[in-house]
Amino acid sequence: MSNSIQSVLVETRVFPPPEGFVKQANISGQAAYQALLDESDRDPNGFWGRLAKENLHWTKPFTQVLDESNAPFYKWFGDGELNVSANCLEANIERGLGDKVAIIFEADGGEVTKVTYHELYERVCQMANGLKSLGYKTGDRAIIYLPMSIEAVAAMQACARLGIIHSVVFGGFSSKALHERIIDVGASLVITADEQVRGGKQIPLKPAVDEAFGMGGCDIVRHCLVYKRTGGSVAWDDKRDMWLHDLVKDQPKTCEAVPVNAEHPLFILYTSGSTGKPKGVQHSSGGYLLWAKLTMQWTFDAKPDDVFWCTADVGWVTGHTYITYGPLANGMTQIVFEGVPTYPNAGRFWEMIQRHHVSIFYTAPTAIRSLIKASEANAAVHPKSFDLSSLRLLGSVGEPINPEAWMWYHINVGQERCPIVDTWWQTETGGHMITPLPGVTPLKPGSCTTRLPGITAAIVDETGGDVEAGQGGFLVIKRPWPSMIRTIWGDPERFKTSYFPEELRGYYLAGDGAQCDADNCFWIMGRIDDVLNVSGHRLGTMEVESALVAHELVAEAAVVGRPDATTGEAVVAFVVLKRATPDGDEAVAIAKQLRDWISKEIGPIAKPKEIRFGDNLPKTRSGKIMRRLLRVVAKGEEVTQDVSTLENPAILDQLTKPV
Ligand code: WT7
């Protein structure tokens, strides 16, 4: 197993669920959880079939729960039909929630806009009718490159209403990344905005789309719809570009939802893998929605009076499942936030919880860590300076939360009364997999605790054999589940080899190393492949290396992760130039040039925190780069490992020197 895996923390604190919470919980007490686990283990198909019937509106009921005939290309509810958007909108209006607030939108500058379920329904219908009027239909692919907004949620829902497959590209990604995704997904439509606003700054979006178009190969894109967010000036192509408000303004406010097969792709979302270009993770309609809806009820204990706030961006899977689909499928009121946690100051989250009476708050460890720092420096932005009494449940996602950050979150935000659900899952899993249930599970800081009912998570060795409690191994899911990835768009072979390697007996390989303790609690130790986790976002080391090598000065590059107090992991790049190795001011200048380059090629999240130059990289005699050594060097530690297979040991000295 890879050396990147750190040993598990020794953590002995246990926090049982508060009695008051247990009493009112959707899944209340150990026995209720055990009953669901037993049901799912005894008769998985019966279990999933029952839940799918009880929780979703089917326009054509399914007769088969799981089709395993072409494993690992599983089909769930494969002869059933439904519409995801109708399950999120009409379903709630029909049960009397039309006037309930669906979204409370808070803009970067603080302006608040609310829409009810009925209003959201009308907006989605108008947008869908607009798309229809342009000839878009079931199976077409749309790229959505929008800031956090009601429009972003509505655009995704409008696509879902017509069976158009959306692929959301995070607004922080560069034109290059956007271009790659437009081509790979074969998009005929792009929906964007003139600009986005973050932390008081206006950041162009439409120009990045224009740049992507300019890179060529985008001829199949027939329209670019532009949401006017700021009114900033934009270039215009009359044949292709169209203001979103012009398109929707005279459209009818009802639009019949198109029933699609349960297996129809709802969306494709790109994520980093260990090698090569990002993978287009394809999700289904029926199975995905089922889990988005259920995990809201189970993990987040969703109740009619809750105000739910997931701080993720819809550009990530968390924003898909726990903003656009899960909360709406449950008829909840939720916050959609445009801005950043530190603007106008680091008290923004707490102030918003207070202002909107948020009861369930879901964020990432990296945000928590940065706010700890800020509130230690300034009492005015400390959570204790705000009224957080509306909170009843907290969540964490994206990376392991270190026990100290967990304790701070628990004491200062949760006031020692709110359970914390540390949810382990991935873009590929569609929804939560391993997580505490707030009315059931004793919490251990740093552990995502136990598997959800129906999810057969386990730790195995390299042959797929179970390992004993306390032993590290590969995290796998033994049986398929409804919200699992269906394939990698356009690359079924890569889907098979990445996630279902032969030696693992058909289990789904998550790519994380983990171990399980004697209470069946999981402890995630890190990725087993060359994937970094920076601020809860996945980055392939290969992706960053390829971008570096694409720069005219660079001959060779190796990228590794280094533990970072704020971002979890930081990118460190070791670079060999085509010219003489620079030092002093020149090295500083070239390092800056390369960092800006990465920002442009991939996006600011991929910017190396540090770049070091050398005449060569440490390689084995067969020419393989020895990353484990680079990881040690990046941490500033002394190399004590065996370097006998190293071709050029002297190179390590050179690489230990920061620029
Ligand atoms: C990878 C998936 C799930 C949505 C956001 C990230 C890491 C995620 C946890 C957690 C420990 C976690 C894993 C996983 N991860 N949540 N609660 N504890 N690690 O989605 O970009 O697909 O990344 O994030 O390494 O494999 P993603």
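Look above for the structure.
Everything numeric in this text was worked out from a predicted model, so none of it was measured.

> Run through the packing of aromatic side chains, naming residues and quoting values.
A complete count under the given rule lists 35 aromatic pairs for this structure. Ring geometry for Tyr 288 against Tyr 325: centres 5.9 Å apart, planes inclined by 85°, an arrangement best described as edge-to-face. Of the two residues, Tyr 288 sits in helix H11 (residues 286–298) while Tyr 325 sits in helix H12 (residues 317–329), which places them 37 residues apart along the sequence. Neither residue differs from the other here; Tyr 288 and Tyr 325 are each classed as buried. Measuring from centroid to centroid gives 5.8 Å for Trp 309 and Phe 337, while their planes differ by 85°, and the two rings are edge-to-face. Placement of the pair is Trp 309 in strand S16 (residues 307–310) and Phe 337 in strand S17 (residues 333–337), with a sequence separation of 28 residues. We note that Trp 309, like Phe 337, is buried. One aromatic cluster is present, built from ring pairs that chain together Phe 47, Trp 48, Trp 58, Phe 62, Trp 76, Phe 77, Trp 291 and Trp 298. Geometry around Phe 173 places Arg 181 over its ring, the cationic atom sitting 4.8 Å from the centre.

> Account for the sheet that holds strand S5 (residues 112–116), naming residues and giving values.
One open sheet accounts for seven strands, arranged S5-S4-S17-S16-S18-S19-S20; its pairing is mixed. Only two strands of the sheet have a single partner each, and these edge strands are S5 and strand S20 (420–423). The sheet shows a mean angle of 20° between the axes of neighbouring strands, taken without regard to direction. With five bridges joining them, strand S4 (residues 101–106) and S5 adopt antiparallel strand pairing. Directly across from Ile 103, in S5, lies its bridge partner Val 115.

Reading the values: the criteria
Residues numbered from 1 in each chain as written. Predicted model: local features only at pLDDT ≥ 70, side-chain atom pairs only at ≥ 80, totals over all residues. Heavy atoms only, no water. Phe/Tyr/Trp six-rings, centres within 6.5 Å; stacked < 30°, edge-to-face > 60°. Helix = DSSP H or I, 4+ residues; strand = E, 2+ residues; numbered from the N terminus. Buried < 20%, exposed > 50% of the residue type's maximum accessible area, 1.4 Å probe, protein only. Lys NZ or Arg CZ within 6 Å of the ring centre and 35° of its normal. Pairing = 2+ DSSP bridges. Axes fitted to C-alpha atoms, helices over the stretch in contact; angles between N-to-C directions.

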